[in-house]
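# Survey of secondary and tertiary structure
Spelled out, the chains give:
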Amino acid sequence: MNQNVNIEESWKLLLNEEFDKSYFKQLNQFLINEKDIKIFPPDSQIFSAFTHTPFEKVKVVILGQDPYHGFGQAHGLCFSVNDGIKFPPSLQNIFKELKADCGCEIPSSGNLIKWADQGVLLLNSTLTVRENEPGSHQKKGWEIFTDTVIKTISDKKEHVVFILWGRFAQSKENLIDPSKHLILKAAHPSPFSAYNGFFGCKHFSKTNSYLKAKNITVINWQL
């Protein structure tokens, strides 16, 4: 991965200092050393979340942890999968809640690009992973980078909805200014926790109610 490739221009300007820091250089070298190992998503899609949601368009941030580690699944947007890929369990539950909350029909594809293009930044904390090795690229520097992304959004924007599902995402709450933004918290949509507070959270309708109250165009959640 080249540090100057595939990150959208508005983000490049905001995050330019990060690319020169030692942690990012070490991360870059780590990824170069992994070149003979199958890594997801492909190099060209590592920064897809930023490509589809330029800084000025960000209205909502949904935080994930790791990319999917199965072949063909991850394409750079958290919780999203490529067209034609079976829905992972967490995504199935997201669609169930979306239908219960907003009446959206379950889509035929788990590709969430339509959300991203409307201003939903689908951000994983770690942007790469080895095939079939969940968590394999954690604590290599990605978290420092994405924490900076979250804090930059909090500091430089107003009236953004931050959706934090599960304990890991909620650990990022301290990076967000609650006086300027809406923070929505619930259990993670995984089968292990969805019935303990994810189902019924109504985060999709709550997001749109907040955006509407701030005279911001709401998200069309129907895929």
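This section reports on the structure supplied with the text. (Residues numbered from 1 in each chain as written. Predicted model: local features only at pLDDT ≥ 70, side-chain atom pairs only at ≥ 80, totals over all residues. Heavy atoms only, no water.)

## Some remarks on the overall build of the protein chain
Secondary structure summary: the protein chain contains eight helices and six strands in total. Put simply, the protein chain runs from its N terminus to its C terminus through helices and strands in the order α-α-β-α-β-α-α-β-β-α-β-α-β-α. Against the globule reference of 17 Å for 223 residues, the protein chain gives a C-alpha radius of gyration of 17 Å, in line with a compact fold. Per-residue burial for the protein chain yields a buried fraction of 53% across its 223 residues. Look at the contacts in the protein chain between residues 6 or more apart in sequence, and 67% of them connect residues 24 or more apart. (Helix = DSSP H or I, 4+ residues; strand = E, 2+ residues; numbered from the N terminus. Rg over C-alpha atoms; globule rule 2.2 N^0.38 Å. Buried < 20%, exposed > 50% of the residue type's maximum accessible area, 1.4 Å probe, protein only. Contact = heavy atoms within 4.5 Å.)

## Describing the packing of helix H1 (residues 9-19) against helix H6 (residues 142-156)
Two elements in contact, H1 and H6, have axes separated by 11 Å at closest approach and are oriented at 135°. In terms of orientation, H1 lies oblique with respect to H6. Pair H1 / H6 crosses with right-handed handedness. In this structure, H1 uses Trp11, Leu14, Leu15, Glu18 and Phe19 to contact H6, whose residues at the interface are Phe145, Thr148, Val149, Thr152, Ile153 and Lys156. Its residues assigned to classes, the contact of H1 with H6 shows seven nonpolar, two polar and two charged. (Axes fitted to C-alpha atoms, helices over the stretch in contact; angles between N-to-C directions. Parallel < 35°, antiparallel > 145°, perpendicular 65-115°, else oblique. Left-handed = near helix turned anticlockwise from the far one by under 90°. Nonpolar A, V, L, I, M, F, W, Y, C, P; charged D, E, K, R; others polar.)

## Examining the sheet that holds strand S2 (residues 60-64)
Two pairing modes exist for strands in a sheet, parallel and antiparallel, and in both the strands are linked by backbone hydrogen bonds. If you walk across this open sheet you meet the four strands as S3-S2-S5-S6, and the pairing is parallel. Two strands close off the open sheet at either side, each with one partner strand: strand S3 (120-124) and strand S6 (182-186). Taking the axes of each pair of neighbouring strands and ignoring which way they run, one obtains an average angle of 20° across the sheet. (Pairing = 2+ DSSP bridges.)

## Considering the pairing of S3
Across the five residues of S3, five count as buried, placing the element largely inside the fold. The two faces of S3 match: Val120, Leu122 and Asn124 on one face and Leu121 and Leu123 on the other face are all buried. Pairing of S2 with S3, which is carried by five bridges, proceeds in the parallel orientation. When the bridges of S3 are listed, leucine 63 appears paired with leucine 123.

## Description of the environment of cysteine 104
Within the secondary structure, cysteine 104 is located in the loop between helix H4 (89-102) and helix H5 (113-117). On the basis of relative accessible area, cysteine 104 is assigned to the buried category, the value being 9%. Between the C-alpha atom of cysteine 104 and that of asparagine 220, which follows or precedes it by 116 residues, the distance is 9.5 Å.

## Looking at the nonpolar core
Within the largest apolar cluster, 67 residues are counted, with the highest numbers of intra-cluster contacts made by Trp11, Phe145, Ile153 and Trp165. Among residues more than four places away in sequence, those in contact with tryptophan 11 are Phe50, Thr53, Pro54, Phe55, Val58, Leu121, Val149 and Ile153. (Core = buried A, V, L, I, M, F, W, Y, C linked by side-chain atoms within 4.5 Å.)

## With respect to the pattern of salt bridges
Working definition: two side chains of opposite charge can pair if their charged atoms are close together. Scanning all chains against the criterion turns up seven salt bridges. Among the ionic contacts, a cluster of salt bridges with common partners joins Glu34, Arg130 and Glu133. (Salt bridge = Lys/Arg side-chain N within 4 Å of Asp/Glu carboxyl O.)

## As for the packing of aromatic side chains
Using the criterion set out here, one finds 22 aromatic pairs in the structure. Residues phenylalanine 24 and tryptophan 142 carry aromatic rings whose centres are separated by 6.3 Å and whose planes lie at 90° to one another, so their mutual orientation is edge-to-face. Taken together, the residues phenylalanine 24 in helix H2 (residues 22-33) and tryptophan 142 in helix H6 connect sequence positions 118 residues apart. Residue phenylalanine 24 is classed as buried on the basis of its relative accessible area of 0%. For the pair phenylalanine 40 and phenylalanine 71, a centre-to-centre distance of 6.2 Å together with 70° between the ring planes defines the contact as edge-to-face. Here phenylalanine 71 lies in the loop between S2 and H4 and phenylalanine 40 lies in strand S1 (residues 39-40), a separation of 31 residues in the sequence. Here a set of aromatic residues connected by ring pairs shows up, and it is made of Trp11, Phe19, Tyr23, Phe24, Phe47, Phe50, Phe55, Trp142 and Phe145. Taking NZ or CZ as reference, lysine 157 lies 4.9 Å from the ring centre of phenylalanine 55, over its face. (Phe/Tyr/Trp six-rings, centres within 6.5 Å; stacked < 30°, edge-to-face > 60°. Lys NZ or Arg CZ within 6 Å of the ring centre and 35° of its normal.)

## Topic: H6
Here H6 is 15 residues long and its end C-alpha atoms lie 21 Å apart, about the 21 Å a rise of 1.5 Å per residue gives. Buried residues in H6 make contact with H1, H2, helix H3 (48-52), S2, S3 and strand S5 (161-165). (Expected span 1.5 Å × (residues − 1).)

## Quick look at the side chain of histidine 203
Within the element layout of this structure, histidine 203 appears in helix H8 (residues 203-213). You can call histidine 203 buried: its relative accessible area is 2%. Of the polar contacts made by the side chain of histidine 203, one reaches the side chain of tryptophan 165; its length is 3.0 Å. (Polar contact = N/O pair within 3.5 Å; in protein donor to acceptor, adjacent residues only side chain to side chain.)

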